[in-house]
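Each chain, written out:
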Amino acid sequence: LEEFIFETKQTLVPKGFYPHVNTLVCVGLCRDEITSPFEEEVEAMWGQAFICGSLGGMLFCGKTGFSAAHRHAPITGHFIYYCFTHIAIDHEGIVGSVYRTRSGMEEKTTACGALAAFAAEIASNKLNLNFDEDDIEMSMLKKHIINKTSLSTDAMNAPDLFKVTMAAYETITFDLERHVRRDAGNFKDRRYALFSGIQIH
Ligand SMILES: [Zn+2]
């Protein structure tokens, strides 16, 4: 993780992205506490980040969130985005499974829990796409990934967690590019560096 962030910095400094001088960093990760070392590493390298992430790492801060971030640097400013979904793979190679010893949990837990729940709904033929005001991010996550990708919602051809995670990654990448292009259309002198992917625990 440290090496990855360091490499991105080594790539960007020669291109004029200077930490604490002209660059605002935006971070979009899942709310899960196991993603926080990533955020801490980014902030240690680039300074305090604008936080864009929701469950699964989805970018539901939307136009309002991105335009707020974009107002926090000058018209010649530089922006870096690290927008990642995540997945756990345990020591036995089981996808989605992680031990969280720090919270006293002794059983295996799931990551990403939201994406695993989505995969389980599809597999059990109980996919619920109604908007639940008491579960805003999860309702939107399911709808939005289905709209933006070719993810199967057929229980007979149910995607596994790996496929759902790839679909989340694609959706996050589309969304990030769209929001950044919108800003770039208005500010010709700004510079943007986008990183998206899947954080593996
Ligand atoms: Zn998660």
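Residues numbered from 1 in each chain as written. Predicted model: local features only at pLDDT ≥ 70, side-chain atom pairs only at ≥ 80, totals over all residues. Heavy atoms only, no water.

1. Overview of the UniProt feature "domain: Limiting CO2-inducible protein B/C beta carbonyic anhydrase" (unreviewed entry) in the protein chain
Thinking step 1. Using the residue numbers shown here, the UniProt feature "domain: Limiting CO2-inducible protein B/C beta carbonyic anhydrase" (unreviewed entry) corresponds to residues 2–201.
Thinking step 2. Here residues 2–201 is 40% helix and 18% strand, with 14 Å between the C-alpha atoms at its ends. (UniProt positions renumbered as here; feature names shortened; annotations may be inferred. Helix = DSSP H or I, 4+ residues; strand = E, 2+ residues; numbered from the N terminus.)

2. Re the side chain of His-86
Thinking step 1. The residue His-86 is located in strand β3 (residues 78–87) in this model.
Thinking step 2. Of the polar contacts made by the side chain of His-86, one reaches the side chain of His-201; its length is 2.8 Å. (Polar contact = N/O pair within 3.5 Å; in protein donor to acceptor, adjacent residues only side chain to side chain.)

3. Section: the layout of surface pockets
Thinking step 1. In this model, the largest pocket occupies a volume close to 240 Å³.
Thinking step 2. At the level of secondary structure, the elements contributing two or more residues to the lining of the largest pocket comprise α2 (36–46) and β4 (97–99). (1 Å grid on protein atoms, 1.4 Å probe; cavity = no way out; pocket = protein on both sides within 12 Å on 5 of 7 lines; lining within 4 Å. Points joined across faces, edges and corners; volume = space filled by probe spheres on them.)

4. Observations regarding the environment of Cys-112
Thinking step 1. Mapping Cys-112 onto the fold places it in the loop between β5 (108–110) and α4 (113–123).
Thinking step 2. Residue classification places Cys-112 among the buried positions, given a relative accessible area of 1%.
Thinking step 3. Put simply, Cys-112 and Ile-34 are 78 residues apart on the chain and 9.8 Å apart in space, counted from C-alpha to C-alpha.
Thinking step 4. In this view, Cys-112 contacts Cys-30, Gly-56, His-86, Ile-87 and Leu-161; residues no more than four positions away in its chain are not counted. (Buried < 20%, exposed > 50% of the residue type's maximum accessible area, 1.4 Å probe, protein only. Contact = heavy atoms within 4.5 Å.)

5. Remarks on the packing of helix α1 (residues 2–12) against α2
Thinking step 1. Orientation of α1 relative to α2, taken along the N-to-C sense of each, is 35°, at an axis distance of 10 Å. The element α1 and its partner α2 pack so that their crossing is right-handed. Note on element contacts: α2 touches α1 through Phe-38, Glu-41, Val-42, Met-45 and Trp-46, opposite Glu-2, Phe-4, Ile-5, Phe-6, Thr-8, Lys-9 and Leu-12.
Thinking step 2. When grouped by side-chain class, the residues that make up the contact of α1 with α2 number 8 nonpolar, 1 polar and 3 charged. (Axes fitted to C-alpha atoms, helices over the stretch in contact; angles between N-to-C directions. Left-handed = near helix turned anticlockwise from the far one by under 90°. Nonpolar A, V, L, I, M, F, W, Y, C, P; charged D, E, K, R; others polar.)

6. Details of the packing of aromatic side chains
Thinking step 1. The final tally for this structure, using the stated rule, is 9 aromatic pairs.
Thinking step 2. Seen from their ring centres, Phe-38 and Phe-84 are 4.9 Å apart, and the 70° between their planes marks the pair as edge-to-face. You can see Phe-38 sitting in helix α2 and its partner Phe-84 sitting in strand β3, a full 46 residues away along the chain. Across the pair, Phe-84 and Phe-38 agree in class, each one buried. (Phe/Tyr/Trp six-rings, centres within 6.5 Å; stacked < 30°, edge-to-face > 60°.)

7. Regarding the sheet that holds β3
Thinking step 1. An order of β2-β1-β3-β6 is seen for the 4 strands of this open sheet, with the pairing classed as parallel. Edge strands, defined here as strands with exactly one partner in the open sheet, are β2 (49–51) and β6 (191–200). Adjacent strand axes in the sheet meet at a mean angle of 20° when their direction is disregarded.
Thinking step 2. For strand β1 (residues 23–28) and β3, the ladder comprises 6 bridges, and the chain directions are parallel. Counted as the bridge partner of Cys-26 is Tyr-81 from β3.
Thinking step 3. Packed onto the sheet, α1 meets β3 and β6 and runs at close to 155° relative to β3. (Pairing = 2+ DSSP bridges.)

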